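Residues per chain are reported as follows:
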Amino acid sequence: MASLRKKISKHKCSQSHISAENIIHRSKLETMDLQIIKHNKLQYEDTEKIFRAAYFIAKNQRPFLDMPKLIDLQALN
């Protein structure tokens, strides 16, 4: 029984136990609502970039065939 208590005591100070506690703590802080808000913000930014490229093409009277090249350029930048 003493060896079991010793193993439990050692585990409490181990790196794996500390990282598991950190994961649990972070999961309490970052609720699903915050993750959804972050995801929606990223989608909005992507849509905004696409509309900027479409606006550039229309304003400069470029062919729509330039659109994929502009999207690739934005992805690289």
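Reading guide: rules and limits
- Residues numbered from 1 in each chain as written.
- Predicted model: local features only at pLDDT ≥ 70, side-chain atom pairs only at ≥ 80, totals over all residues.
- Heavy atoms only, no water.
- Helix = DSSP H or I, 4+ residues; strand = E, 2+ residues; numbered from the N terminus.
- Rg over C-alpha atoms; globule rule 2.2 N^0.38 Å.
- Lys, Arg positive; Asp, Glu negative; His and termini not counted.
- Charge placed at Lys NZ, Arg CZ, Asp CG, Glu CD.
- Domains from an automatic or database assignment.
- Contact = heavy atoms within 4.5 Å.
- Buried area = accessible area lost by both parts, 1.4 Å probe.
- Salt bridge = Lys/Arg side-chain N within 4 Å of Asp/Glu carboxyl O.
- Polar contact = N/O pair within 3.5 Å; in protein donor to acceptor, adjacent residues only side chain to side chain.
- Axes fitted to C-alpha atoms, helices over the stretch in contact; angles between N-to-C directions.
- Parallel < 35°, antiparallel > 145°, perpendicular 65-115°, else oblique.
- Left-handed = near helix turned anticlockwise from the far one by under 90°.
- Nonpolar A, V, L, I, M, F, W, Y, C, P; charged D, E, K, R; others polar.
- Buried < 20%, exposed > 50% of the residue type's maximum accessible area, 1.4 Å probe, protein only.

### A word on the overall build of the protein
Counting secondary structure elements, the protein contains four helices and zero strands. Listing every helix and strand of the protein by position from the N terminus yields α-α-α-α. Expected size for 77 residues packed as a compact globule is a radius of gyration near 11 Å; at 25 Å, the protein overshoots this value by more than 25%. Taken along its principal axes, the extent of the C-alpha atoms in the protein is 80 × 25 × 15 Å. For the protein, the centre of its 14 positive side-chain charges and the centre of its 8 negative side-chain charges are spaced 14 Å apart.

### Some words on unusual backbone geometry
The residue Q61 is not glycine, and still its phi comes out positive at about 50°. Locating Q61 in the fold gives a position in the loop between helix 3 (32-59) and helix 4 (67-76).

### What to know about the domain arrangement of the protein
Looking at the assigned domains, one finds that the protein contains domain 1 (1-30) and domain 2 (31-76). The straight-line distance from the C-alpha centre of domain 1 to that of domain 2 is 44 Å. Of the residues lining the interface, four residues belong to domain 1; the matching set on domain 2 comes to four residues. The contact between domain 1 and domain 2 buries some 250 Å² in all, and 43% of this surface belongs to carbon and sulfur atoms. Run the count over domain 1 and domain 2 and you get zero salt bridges. In this assembly, domain 1 and domain 2 are joined by zero residue pairs in polar contact (both at pLDDT 80 or more).

### Quick notes on the packing of helix 3 against helix 4
At a minimum axis separation of 10 Å, helix 3 and helix 4 run at an interaxial angle of 135°. In terms of orientation, helix 3 lies oblique with respect to helix 4. Along this stretch, helix 3 crosses helix 4, giving a crossing that reads as right-handed. Counting all contacts with helix 3, which are made through K49, I50, A53, A54, F56 and I57, the residues of helix 4 involved are M67, L70, I71 and Q74. Residue composition of the contact of helix 3 with helix 4, grouped by class: eight nonpolar, one polar and one charged.

### A closer look at the pattern of salt bridges
On inspection of all chains with the given rule, the structure shows two salt bridges. For the salt bridge of R52 with E48, the shortest nitrogen-to-oxygen distance reads 2.8 Å. You can see R52 and its partner E48 sitting in helix 3, four residues apart, about one turn around the helix. We note a salt bridge from D66 to R62, for which the minimum N-O separation is 2.9 Å. Judged by relative accessible area, which is 16%, D66 ranks as buried. With relative accessibility at 44%, the residue R62 sits in the partly exposed group.

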